[in-house]
Amino acid sequence: SLHAIKFASMKNITFIVDKAAVYDEVAKTTSYVGAKMLGDESAYRRIFTTDADQLMLERFWNETCSAVTEHLKRFVVEVSPHTSPDAVSITNNYSLTLKVSENFDNAIEDSINASLFSCFVASITSKWFKYTNRDEVAAYVTEGAGYLDEVMEKVCHRKRPVRPSVNDMSL
């Protein structure tokens, strides 16, 4: 006997990571960490990201975009282009369109956006700390990878099918 193969229908969802908001959060995080380092008078100036560091942060942004795209590549329909490595463009957000199951739970889209945002912040901060605060690198690398795994898990999540009730059926 022949078995029919049924393919689940798919839909596209788009996520946008706001670069300016990520950079602001990286600045807050590095400022906070630098200010809280007791016994190291130069820590704040060394660790806190400033406007002068934007070109380096831009490289870290592009590296993070590539890593996220690679991690989610089986779902990727479209992704925004990288910025030039020689210029800083604070308005060039990361846009990612994914193909997901028709049963994807749209109620978790905001949660995925939040996890993507946190992944970018942790990843960029970990890369910055490789130069300025080596003791904190591993924790931020682990945190960023954890957020990326959360994104993958959420993208694969499907809502449970709902059986029609007797009241839903028209005769």
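Participant: Hey, could you run me through the nonpolar core in this one?
Facilitator: Taken as a class, soluble globular proteins show a tendency for nonpolar side chains to be buried jointly. Among the nonpolar cores identified, the biggest contains 36 residues, and Val22, Trp61, Val68, Leu98, Phe120 and Ile124 are the most heavily contacted of them. Sorting the residues of this core by element identifies strand S1 (10–17), helix H1 (19–35), helix H2 (43–47), helix H3 (54–71), strand S3 (94–101), helix H4 (109–132) and helix H5 (137–156) as the ones contributing at least two each. Among the elements that line this core, the one with the most residues is H4, at eight residues. Other than its neighbours up to four places away in sequence, Trp61 contacts Val17, Lys19, Val22, Tyr23, Asn92, Asn93, Tyr94, Phe120 and Ile124.

Participant: Please clarify how the pattern of salt bridges should be interpreted in this entry.
Facilitator: Between side chains of opposite charge, a pair can form as their charged atoms come close. By the definition in use, this model includes six salt bridges. Put simply, Lys19 and Glu58 hold a salt bridge, and the shortest N to O gap is 2.6 Å. Taken together, the residues span a long stretch of sequence, with Lys19 in helix H1 and Glu58 in helix H3 at a distance of 39 residues. The salt bridge partner of Glu63 is Arg59, with a shortest N-O separation of 3.0 Å. Residue Glu63 and its partner Arg59 are located together in helix H3, separated by four residues, close to a single helical turn. We classify Glu63 as partly exposed; its relative accessible area is 30%. Through salt bridges with shared partners, a single network forms among Arg59, Glu63 and Lys127.

Participant: Help me understand the packing of H1 against H4 in this model?
Facilitator: Each packed pair of helices is defined by two parameters, the angle between the axes and the distance between the axes. Packing of H1 against H4 brings their axes to within 9 Å, and their N-to-C directions diverge by 50°. In terms of axis orientation, H1 runs oblique to H4. For H1 against H4, the interelement crossing comes out right-handed. Contact with H1, carried on its side by Ala21, Val22, Tyr23, Glu25, Val26, Thr29, Thr30 and Val33, involves Phe117, Phe120, Val121, Ile124, Thr125, Trp128 and Phe129 of H4 and no other residues of that element.

Participant: Help me out: how do you make sense of the side chain of Ser126 in this one?
Facilitator: Along the chain, Ser126 falls in helix H4. Given the relative accessible area of 4%, Ser126 is considered buried. Once residues lying within four places of it in the same chain are set aside, the contact partners of Ser126 are Val137, Tyr140 and Val141.

Participant: So what exactly am I meant to see when it comes to the sheet that holds S3 here?
Facilitator: Remark on secondary structure: sheet strands pair via backbone hydrogen bonds, oriented parallel or antiparallel. An order of S1-S3-S2 is seen for the three strands of this open sheet, with the pairing classed as antiparallel. Looking at strand neighbours, the two that pair on one side only are S1 and strand S2 (76–79), the edges of this open sheet. If you compare each strand with its neighbour and ignore which way they point, the axes differ by 20° on average. The strands touched by H4 are S1 and S3; relative to S1, the strand with the most contacts, the crossing angle is about 45°.

Participant: When you look at the pairing of S3 in this model, what are you seeing that I'm missing?
Facilitator: On any regular strand, side chains alternate: one points to one face of the sheet, the next to the other face. With six of its eight residues buried, S3 lies for the most part within the structure. Where S1 meets S3, eight bridges bridge the pair, whose relative direction is antiparallel. In the sheet register, Ile16 faces S3, and the bridge partner there is Ser95. As paired elements, S2 and S3 share three bridges and run antiparallel to each other. Among the inter-strand pairings, Glu78 is bridged to a residue of S3, identified as Thr97.

The rules behind these values
- Residues numbered from 1 in each chain as written.
- Predicted model: local features only at pLDDT ≥ 70, side-chain atom pairs only at ≥ 80, totals over all residues.
- Heavy atoms only, no water.
- Core = buried A, V, L, I, M, F, W, Y, C linked by side-chain atoms within 4.5 Å.
- Buried < 20%, exposed > 50% of the residue type's maximum accessible area, 1.4 Å probe, protein only.
- Helix = DSSP H or I, 4+ residues; strand = E, 2+ residues; numbered from the N terminus.
- Contact = heavy atoms within 4.5 Å.
- Salt bridge = Lys/Arg side-chain N within 4 Å of Asp/Glu carboxyl O.
- Axes fitted to C-alpha atoms, helices over the stretch in contact; angles between N-to-C directions.
- Parallel < 35°, antiparallel > 145°, perpendicular 65-115°, else oblique.
- Left-handed = near helix turned anticlockwise from the far one by under 90°.
- Pairing = 2+ DSSP bridges.

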